[in-house]
Amino acid sequence: MAGVIAGLTPGAAYAKALTVCTEASPDGFDVVQFNSLVTTNASADVIFNGLVALDESNDKVVPALADKWDVSPDGLRYTFHLRAGVQFQKTDWFTPTRPLNADDVVFTFARMLDANQPWHKVSGPSGFPHAQSMNLPKLIKSIDKVDAQTVRFTLNEPNATFLPILTMGFASIYSAEYADQLLKANRTTDLNAKPIGTGPFMLRNYQKDAVIRYDVNPTYWGTKPAFDKLIYAITPDTAVRLQKIKTGECQIALSPKPQDVLAAKSDKKEKVSERPAFMTAFVALNTQHKPLDNPKVREAINMAFDRDTYVKAVFSGTATPAVNPYPAGTWSYAQDVKPYAHDIAAAKKLLADAGYPNGFATTIWTRPTGSVLNPDPKLSAELLQADLAKIGITAQVKIVEWGELIRSAKQGQHDLLFMGWAGDNGDPDNFLTPQFSCASVQSGINFARYCDATLDKLIADGRTTNDTAKRTADYEKAQKQIHDQALWIPLAYPTAAAILKPDVQGFTVSPFGRLNFAGVKLN
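Numbers given for residues are sequential positions, taken from 1 along each chain in its written order. The model is predicted, so local features are restricted to residues of pLDDT at least 70 and side-chain atom pairs to those at 80 or more, both for listing and for counting; the totals for chains, interfaces and linings are taken over all residues. In computing side-chain values, all of the structure's heavy atoms are included and hydrogens and water are not.

Peer 1: What is the right way to read the overall build of the protein from this model?
Peer 2: By definition, any uninterrupted DSSP run of H or I lasting at least four residues is a helix, any uninterrupted run of E lasting at least two residues is a strand, and each is numbered from the N terminus. A tally of regular secondary structure across the protein gives 18 helices and 21 strands. Computed over C-alpha atoms, the radius of gyration of the protein comes to 23 Å, within 12% of the 24 Å expected from 2.2 N^0.38 for 523 residues, which places it in the range of a compact globule. For the protein, with 523 residues in total, the buried portion stands at 59%. Using a 1.4 Å probe, the Shrake-Rupley method yields the accessible areas, and only the shown protein chains count as cover for residues. Approximately 20000 Å² of the protein is accessible, and the part contributed by carbon and sulfur atoms is 50%. Note that His is not counted, nor are the chain ends; the positive residues are Lys and Arg, and the negative ones are Asp and Glu. Note that the charge is assigned to NZ on lysines, CZ on arginines, CG on aspartates and CD on glutamates. For the protein, the distance from the average site of its 54 positive side-chain charges to the average site of its 53 negative ones is 2 Å. Each radius of gyration reported is based on C-alpha atoms, and the globular scaling rule is 2.2 Å times the count of residues to the power 0.38. We call a residue buried when its accessible area falls under 20% of the maximum for its residue type, exposed when it is over 50%, and partly exposed in between, using a 1.4 Å probe and counting protein chains only.

Peer 1: Looking at this structure, I do not really get the packing of aromatic side chains. What am I missing?
Peer 2: What characterises a pair of aromatic rings is the spacing of the ring centres plus the angle enclosed by the ring planes. For Phe, Tyr and Trp, rings pair up if their centres lie within 6.5 Å, where Trp contributes its six-membered ring, and each pair is then called stacked (planes under 30 degrees apart), edge-to-face (over 60) or tilted (otherwise). For the structure on display, the rule yields 23 aromatic pairs. Considering the side-chain rings of phenylalanine 29 and tyrosine 206, the 5.3 Å spacing of their centres and the 90° angle between planes classify their relative orientation as edge-to-face. Note that phenylalanine 29 is positioned in the loop between β1 (17-22) and α1 (37-42) and tyrosine 206 in strand β8 (residues 201-207), a separation of 177 residues in sequence. Look at phenylalanine 29 and you get buried, because its relative accessible area is 1%. Clustering of aromatic rings is evident, with ring pairs tying together Trp69, Tyr78, Phe80, Phe109, Phe153 and Phe162. Placement of a positive charge over a ring is assigned whenever Lys NZ or Arg CZ falls within 6 Å of the ring centre and within 35 degrees of the normal to the ring plane. Over the aromatic face of tyrosine 174 sits the side chain of arginine 111, whose NZ or CZ is 5.4 Å from the ring centroid.

Peer 1: When you look at the state of the cysteines in this model, what are you seeing that I'm missing?
Peer 2: Covalent bonding between the sulfur atoms of two cysteines defines a disulfide. Any two cysteine sulfur atoms lying within 2.5 Å of each other are counted as a disulfide. Evaluation of the coordinates by the stated rule reveals two disulfides. The disulfide that involves cysteine 21 links it to cysteine 250, with 2.0 Å between the sulfurs. Across the S-S bond linking cysteine 21 and cysteine 250, the dihedral sits near 65°, which makes this disulfide right-handed. Here the residue cysteine 21 occupies a position in strand β1, and cysteine 250 occupies one in the loop between α8 (238-247) and β11 (252-254), the gap between them amounting to 229 residues. A residue is classified by how much of its surface remains accessible, and cysteine 21, at 0% relative accessible area, is buried. Accessibility expressed as a relative area gives 0% for cysteine 250, which makes it buried. Take the cysteines of the protein that form disulfides and number them in order along the sequence; they join up as 1-2, 3-4.

Peer 1: I keep staring at unusual backbone geometry and nothing clicks. Help me out?
Peer 2: For residues besides glycine, phi is generally negative; the peptide bonds are generally trans as well. Residue lysine 290 is joined to proline 291 through a cis peptide bond whose omega torsion reads 0°. Relative to the helices and strands, proline 291 resides in the loop between β13 (279-285) and α10 (295-304). Backbone geometry places aspartate 59, a non-glycine residue, at a positive phi of 50°. Looking at the secondary structure, you find aspartate 59 in the loop between β2 (52-55) and β3 (60-63). The backbone of serine 255 sits at a positive phi, close to 50°, despite the residue not being glycine. Looking at where serine 255 falls in the secondary structure, it is placed in the loop between β11 and α9 (258-267). Take serine 255: its relative accessible area is 8%, and that puts it in the buried class.

Peer 1: Looking at this model, I keep getting lost on the environment of serine 510. Mind explaining?
Peer 2: One can find serine 510 in the loop between β20 (504-505) and β21 (521-522). A C-alpha to C-alpha distance of 8.6 Å links serine 510 and alanine 497, two positions 13 residues apart in sequence. Apart from the residues lying within four places of it in its own chain, the contact partners of serine 510 are Glu56, Arg275 and Ala496. Think of a polar contact as two N or O atoms within 3.5 Å of one another; within protein, one of them needs to be a possible hydrogen donor and the other a possible acceptor, and neighboring residues in sequence only count if both atoms come from side chains. Here glutamate 56 takes part through its side chain, which lies 2.8 Å from a polar atom of the side chain of serine 510. Within polar-contact distance, the side chain of serine 510 engages the backbone nitrogen of phenylalanine 512 at 3.0 Å. Here, residues are in contact when the closest pair of their heavy atoms is within 4.5 Å.

Peer 1: Could you clarify how one ought to interpret helix α11 (residues 307-315) in this entry?
Peer 2: Helical geometry note: an α-helix holds 3.6 residues per turn, so side chains three or four residues apart project in the same direction. Where α11 is concerned, the buried positions are Arg307, Tyr310, Val311, Val314 and Phe315. Around the axis of α11, the buried residues are gathered within 95° of arc, so they sit on the same side. In the core, the buried residues of α11 are packed alongside α9, α10, β14 (320-321), α13 (377-389), β17 (416-422) and β18 (488-493). Serine 316 sits one or two positions beyond α11 and adopts a positive phi of about 50°. Comment: arc refers to directions from the helix axis out to C-beta atoms.

Peer 1: Any chance you could explain helix α6 (residues 176-184) here in plain terms?
Peer 2: Listed as buried for α6 are Ala176, Tyr178, Ala179 and Leu182. Buried residues of α6, seen end-on, are gathered within an arc of 160° and therefore sit on one face of the element. Buried residues belonging to α6 abut α2 (102-113) and α7 (190-193). Between the side-chain oxygen at the start of α6 and the backbone nitrogen of glutamate 177 there is a gap of 3.4 Å, and the oxygen is on serine 175. Positive backbone phi, approximately 55°, marks asparagine 186, located one or two places after α6.

Encoded structure:
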């Protein structure tokens, strides 16, 4: 793809451009292949649409490419009626000959679920991590084209999370016509490099680790953006993102350090948008690596870690210490589960009982640059390293570039991994299934790599009913088992924040980390 124009700062080429300082390069633009929020923000959030969307203000599933749907009384059949006249994007590399229809929906999901579908076999090494971790191949019995504008999903069992799942980025709808064109031309990698969607923005060009430029889609079916261009200035260093806001090179800076948020509130030269995030920062303990396969060792590590000091040092008091996989205040949050006490003596005894009286050597993996879920990765790793040394564990800190970190972690190469998870919707299952189900060990997103039949059944049973009380009972038991097995070191429930220039109106940070520029105006 073409690079940026030499000598131009990211916002300089266009008079009516919204420039956003983002923290990392996406893996690509074929969102179904990847699980990072950075990739979702660069693809699903701007280029694509799903059948349905999440209204974050009301925590409600609302129409998108499907303007209505019906659910059978037994909860097994979902019939979606597609919005008429929706056009796929016309770019330098593709000109559509027809509007969106049922063939596109069938292709999108068959690609992920049907091993005999030609595109399933050319997905790349990552496979389809979200579809696999959500166990969609087992859940969905069939997807049928009823007519040109109607698609029916038949499930093998009722599932309370099915509609919320369809609001996730990986459920974006692709053009079957474009995919056929690429397959015939043997250019399947273009689906990741030259995306085609129905969303408000079209990819213009991308230079890795530098900039992504988008044009507004002139045929967008929804409310068109109030500006002409969207630019992502990829700026891994949080200090540089802040500087670009101050100099006017960016109008929105994502994932600022907590200290920068506090400073922006004080000097009032910029604006701050913030809200409690539906996210959890954690350290995953790889239960497939010795001696981390021993629950006593994992418990000792939890007891050695000084979580309160960590939260104060890394989040400057802007986050809440974490206990369970998802934030307090979420329905089904297990109030009876208490954090491990910070107790060095007890931790040493557990290690001795486990057969490691002199400790052992291990590794701590983390990313090089900050994010909302880890504002200071180096400091975070060093704090954990120092705490583990107190109980005889020698830990080497490995700082790994974000894309490689994700790839390696999905392959299970890590020992202790600083990671975070952002739920795509308000359902607790959006944490439990991806992070703790057996299917998700296979897809690689379960970073603790823990598969247990009892835990797997609790999570699965919680999905099969709309009875909130029953789901809560299952999820509380699941959280207790996750805690008792010490699969994570739960770190913090952060606050999502962005720093804005005063002329930016209508932008609100999402508790789920998603990006929505529909209501943004530049004064």
